[in-house]
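# Descriptive analysis of the structure
Residue strings, one per chain:
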Amino acid sequence: MSETLDLSLYAKPAADGTLGMDVAVEGISCGACIARIEGAVKRLPGVSEARLNFTNRRLHVAWDDGLVKPSQILSAIEAVGYHGYPFVPLRAEQEEAAEARRLLRCLAVAGFAAMNIMLLSVAVWSGNASDITPETRDFFHWASALIALPAAAYAGQPFFVSAFRALRARTLNMNVPISLGVILALGLSVVETINHAADAYYDSALMLLFFLLVGRTLEHAMRRKTRTVAGNLAALKGETARRFEGDELVSVPVAALKPGERVLLRAGERVPADGVVLSGRSEIDESIITGETARRAVKAGATVYAGAMNYAGTLTLKTTAAGGTALIDEIERLLDKAASAKSHALRLADRAARIYAPMVHATAALTAAGWLIAGSSVHDAVVTAITVLIITCPCALALAIPAVQVVASGTLFRAGIILNAGDAIERLAEADTVIFDKTGTLTLPDPRVTNTGEIDPDLLQMAARLALSSRHPLAIALSREATLRMPFNAATEEPGQGVRAKIAGVEARLGSAEFCGLADTPAPAADASSIYFVYGTQSAVIAISQKLRSDAAATVLALTQLGFEVLILSGDRNAAVRPVARALGVARWMGELKPAEKIACVESLKADGRRVLMIGDGLNDAPALAAAHVSLSPIAAADLTQAQADAVFLGERLAPIVDAIVIARRARRLMSENLALAAIYNTIAVPVAILGVVTPLIAALAMSGSSILVTLNALRARRSGARP
Amino acid sequence: MNVLIYLIPMALGLGLLGLLAFLWALRSGQYSDVEGAALRVLSDDDIDSGRGNGAGGGI
């Protein structure tokens with residue numbers, strides 16, 4: 001680009017005096033891309049390091065200040081055919097990376113300890129069956145204790161800390177019985193080792209920790225992966241604004257704008273930040289904010305909101321602080337209300353833990369009491385009670401749900417759905433009513449040509465290629481039809497009127513009716529904008545308006561077949577909503593709704609016992625998304641709205657919504673199956689333990705067997721969404 | 001069975017060595033890009049260009 005782009009916001013000084021920057025890169029497909037991108041950046045003067053992380057598609061560059069500009073680094077990446085934009089790593093992401101390393105360390109320690117203790121335990125078990133001397137057995141037990149106690153103290157921390165927190169808050173989670181089981185198993189083993197007994201449970205305790213840490217690590221890795229992709233997508237939007245610095249114009253990333261700065265906004269650009277118009281006149285499209293597709297005329301003194309599209313003229317804005325404007329304040333107030341009113345649906349895993357933990361502990365106590373009454377010694381009664389706790393230690397139960405979540409979120413990811421909330425899968429499976437927003441959700445976020453069928457295809461292609469030379473929003477919409485993305489040479493733009501070029505020696509004009517000499521041609525439709533095209537004697541009137549996503553009707557039909565009731569709630573005029581509802585066959589629809597009225601609709605459906613899935617993209621949808629049972633947003637949604645949604649879907653089609661529901665329902669079924677498997681395991685294992693005939697070998701086999709069974713069952717969630 | 005007195009500590013020592021190697025690898029960032037490492041090994045542009053990028057090495 002001709003203007004300088006000032007990206008100094010992203011350049012961070014490192015300890016060795018160089019500047020560093022992280023760049024999200026798009027279009028990486030194979031191993032050769034690594035060398036191509038790194039090579040291109042390293043050839044720049046002053047660049048000391050360029051390293052592409054292929055896993056998360058991010059390039060780290062370090063350079064000496066003054067020798068190269070950040071914008072040149074981006075140009076170098078563009079020059080080899082990729083698209084990159086810098087970003088500031090979020091604090092949350094850095095913390096998650098540290099947490100991932102911590103989990104891996106715990107996993108490694110638990111794995112090392114479990115393997116070595118099992119080595120010793122197998123020797124003891126076979127020795128117990130033959131002729132091991134008590135001295136050798138004690139030696140093996142003490143060696144096991146030496147490994148197990150420090151390893152459990154280290155690797156068990158994630159569970160102990162969480163269990164302690166839960167107990168302090170006077171609730172129960174799955175980590176409470178896990179921690180109790182591990183601690184009691186180790187304590188009992190030490191006591192038994194001191195007493196020269198034949199059995200110890202070091203191996204069970206460590207194996208339990210190892211299996212659970214595998215589950216935790218995978219769950220965490222999946223969450224981190226989706227967050228990284230979401231972060232990259234946000235960075236690659238690469239929104240810039242033209243800021244006045246003195247009298248000079250400098251392009252800066254939107255994130256660098258501060259309140260009180262003057263910004264120039266040309267036709268076809270989005271408003272970078274909330275602000276007040278200082279000078280200029282234009283029409284702006286605020287559909288991403290209010291859902292209203294009719295454009296609003298603005299002049300000096302008018303307030304504009306971030307995300308609105310400037311259609312006609314050039315404006316100078318003065319940025320104001322985010323919030324502080326009536327609309328944003330209203331939405332934030334509604335969001336707070338919706339968040340506090342949101343019934344905290346108890347997650348399946350916590351619900352299971354709350355039933356399970358007291359039951360297990362009561363069973364153990366009853367076992368001890370029973371054996372005492374039956375006349376056994378206190379020592380034997382307590383040992384039997386503790387073996388009950390060890391064997392019921394909820395390894396399978398604790399893996400039952402996370403394992404399915406990991407596999408299902410991977411499947412969702414491949415289907416183009418990025419989860420924001422871990423328990424969204426459960427809630428998605430429970431939904432029975434779908435509410436669609438219209439503008440930007442059922443329709444494409446950008447306007448399209450709607451009368452392609454009425455225009456000669458060759459003529460349309462010619463017009464679309466000519467449109468590539470203009471920055472007018474209508475021309476940009478038309479240019480999306482161009483199959484050959486090559487602008488004509490010597491096309492000239494007449495500001496405010498249109499573009500013209502000589503194509504094969506014949507004059508072609510694209511623009512307003514007057515510019516094309518077609519002033520007396522009737523406009524094609526009332527709700528569409530038109531752009532005119534003449535080529536010699538041929539002419540066309542091209543209608544451009546919001547267009548339904550290509551599979552909107554098929555998606556609504558598929559949702560109906562899945563048993564959903566489908567509604568449309570829009571902030572747009574009734575006249576604009578009615579044809580959409582008719583085309584999709586949706587009987588219940590409402591238009592001209594304010595954010596508060598959308599929430600009211602969601603609340604009244606909830607009061608009828610409905611579980612509402614809300615799908616929306618506009619700022620006006622954000623409160624309704626927060627109030628709904630579960631919510632989805634397209635990737636083009638307003639930032640605030642995306643942050644509220646439980647999941648974000650990629651691409652121009654609505655098909656991921658149906659996939660998401662099918663995958664979520666199957667995952668939910670697998671979760672229930674897994675819980676049932678864990679329950680069956682317990683109904684078999686617990687009576688055996690109560691009778692006091694469990695040996696460490698039986699405990700080890702039962703625990704690993706049930707965990708593997710549950711994990712294998714969870715793998716069935718891998719099948720993608722096409723068929724239920 | 002006196003041989004166990006030093007065989008078992010040796011076995012544990014070897015296991016511990018493996019654990020320490022893993023912890024070192026984790027600390028030096030070798031697990032931060034596992035997919036990239038698998039592909040970098042196939043690239044040979046550091047041989048002829050001489051601009052060695054030290055594929056696989058820590059940062």
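Note that the structure is a prediction, hence the values are computed from the model and not measured.

This part takes up the interface of chain B and chain A. In this complex, chain B contributes 23 residues to the contact, which on the side of chain A involves 22 residues. Those elements that place two or more of their residues in the side of chain B that touches chain A are helix 1 (3–27) and helix 2 (34–40) of chain B. Per-element accounting of the side of chain B that touches chain A gives the leading share, 8 residues, to helix 1 of chain B. Looking at the side of chain B that touches chain A residue by residue, the classes come out as 13 nonpolar, 5 polar and 5 charged.

Residues and elements named next belong to chain A. Two strands pair when backbone bridges link them, and strand 3 (residues 47–53) and strand 4 (residues 58–63) are joined in this way by 6 bridges, in the antiparallel orientation. The residue bridging Val 47 from the neighbouring strand is Trp 63, located in strand 4. Taking the residues between adjacent antiparallel strands as the criterion, strand 3 and strand 4 are bridged by 4 residues, where Arg 57 takes a positive phi near 55°.

For the rest of this paragraph, the subject is the sheet that holds strand 14 (residues 315–319) of chain A. Residues and elements named next belong to chain A. Strands sit in the order 7-6-8-14-9-12 across an open sheet of 6 strands; the sheet is antiparallel. Unpaired on one side and paired on the other, strand 7 (248–253) and strand 12 (303–304) mark the two borders of the sheet. Both strand 9 (residues 275–279) and strand 12 contribute to a ladder of 2 bridges, which runs antiparallel. Residue pairing in the sheet places Val 276 in a bridge with Thr 303 of strand 12.

Within soluble globular proteins, side chains that are nonpolar generally end up buried alongside one another. Residue and element names in this part refer to chain A. Counting 173 residues, the largest nonpolar core has Ala 110, Ala 205, Leu 206 and Leu 209 as its most contacted members. At 17 residues, the largest contribution of residues to this core is made by helix 22 (residues 655–690). What Leu 209 contacts, discounting residues up to four positions off in sequence, is Ala 110, Ala 152, Ala 155, Gly 156 and Val 182.

Thresholds, definitions, all that
Residues numbered from 1 in each chain as written. Chains lettered and ligands numbered in written order. Predicted model: local features only at pLDDT ≥ 70, side-chain atom pairs only at ≥ 80, totals over all residues. Contact = placed C-beta atoms within 7 Å. Helix = DSSP H or I, 4+ residues; strand = E, 2+ residues; numbered from the N terminus. Nonpolar A, V, L, I, M, F, W, Y, C, P; charged D, E, K, R; others polar. Pairing = 2+ DSSP bridges. Core = buried A, V, L, I, M, F, W, Y, C linked by C-beta atoms within 7 Å. Buried ≥ 20, exposed ≤ 12 C-beta atoms within 10 Å, placed from the backbone.

Read these as spatial facts, not as claims about activity.
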